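The residues making up each chain are set out below.
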Amino acid sequence: MKRKVYDAHHAEGLIPLLRSITNEIQEREAAIDRATAHLMAIEGAVDTAERTNLEAELAVHKRELRFARRELERLGCELDADYPMRVLIPSSGANRKASFAWSPADEKLQMN
């Protein structure tokens, strides 16, 4: 598959979609943390229905998180390993090592 690259104009155009995807990721990660904590809190409890429901909820959140991350990959982007919600966007410039970066805290695109 050909690697996607963006010029500044097209990278700026990704921002609304990136905002939506990063919101989804943050919400799913928080839900996973809550469900995991709740499962740990009821460990050994007799109510298996509650545990089963929580495990199903956790599985859904994990699947949706994978889908959101795959959507970033489909766009040719990736999350920055050093800054968790920062999205790296490949550049179409002459210097292919240069890329754009965006995070939910940013108003505009940044050069990486």
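For the structure, check the block above.
The following paragraphs examine the structure supplied in this document.

Basis of the calculations
- Residues numbered from 1 in each chain as written.
- Predicted model: local features only at pLDDT ≥ 70, side-chain atom pairs only at ≥ 80, totals over all residues.
- Heavy atoms only, no water.
- Buried < 20%, exposed > 50% of the residue type's maximum accessible area, 1.4 Å probe, protein only.
- Helix = DSSP H or I, 4+ residues; strand = E, 2+ residues; numbered from the N terminus.
- Pairing = 2+ DSSP bridges.
- Expected span 1.5 Å × (residues − 1).
- Contact = heavy atoms within 4.5 Å.
- Axes fitted to C-alpha atoms, helices over the stretch in contact; angles between N-to-C directions.
- Polar contact = N/O pair within 3.5 Å; in protein donor to acceptor, adjacent residues only side chain to side chain.
- Salt bridge = Lys/Arg side-chain N within 4 Å of Asp/Glu carboxyl O.

Things to note about the pairing of strand 3 (residues 99-102)
The side chains of a regular strand alternate, residue by residue, between the two faces of the sheet.
Phase 1: Where burial is concerned, the two faces of strand 3 agree: the one with Ser99 and Ala101 and the one with Phe100 and Trp102 are both buried.
Phase 2: In this structure, strand 2 (residues 87-90) lies alongside strand 3, joined through four bridges in antiparallel fashion. Its bridge partner lying in strand 3, valine 87 is registered against tryptophan 102.
Phase 3: As paired elements, strand 3 and strand 4 (residues 110-111) share two bridges and run antiparallel to each other. Looking across to strand 4, one finds that phenylalanine 100 is bridged to methionine 111.

Comments concerning helix 2 (residues 15-41)
Phase 1: Here helix 2 is 27 residues long and its end C-alpha atoms lie 39 Å apart, about the 39 Å a rise of 1.5 Å per residue gives.
Phase 2: Residues of helix 2 that are buried include every one of Ile15, Leu18, Ile21, Thr22, Ile25, Arg28, Ala31, Ile32, Ala35 and Leu39, and no others.

Considerations on the sheet that holds strand 3
Phase 1: Taken together, the four strands give an open sheet; going across it, the order is 1-2-3-4, and neighbouring strands pair in antiparallel fashion. Whereas interior strands pair on both sides, the edge strands pair on one side only; in this sheet they are strand 1 (78-79) and strand 4.
Phase 2: Seen against the sheet, helix 2 touches strand 1, strand 2 and strand 3 and runs at an angle of roughly 55° to strand 3.

A short note on the environment of threonine 36
Phase 1: Structurally, threonine 36 can be placed in helix 2.
Phase 2: With 21 residues separating them along the chain, threonine 36 and glutamate 57 place their C-alpha atoms 9.9 Å apart.
Phase 3: At 2.8 Å, the side chain of threonine 36 forms a polar contact with the backbone oxygen of isoleucine 32.

Section: the pattern of salt bridges
Phase 1: According to the stated counting rule, one finds six salt bridges in the structure shown.
Phase 2: The partner of glutamate 64 in a salt bridge is arginine 63, with the nearest N and O atoms 3.1 Å apart.
Phase 3: The salt bridge partner of arginine 74 is glutamate 71, with a shortest N-O separation of 2.6 Å. Placement of the pair is arginine 74 and glutamate 71 together in helix 3 (residues 48-74), with a separation of three residues, close to one helical turn.
Phase 4: Classification of arginine 74 as partly exposed rests on a relative accessible area of 42%.

Just geometry here; none of it tells us what the structure is for.
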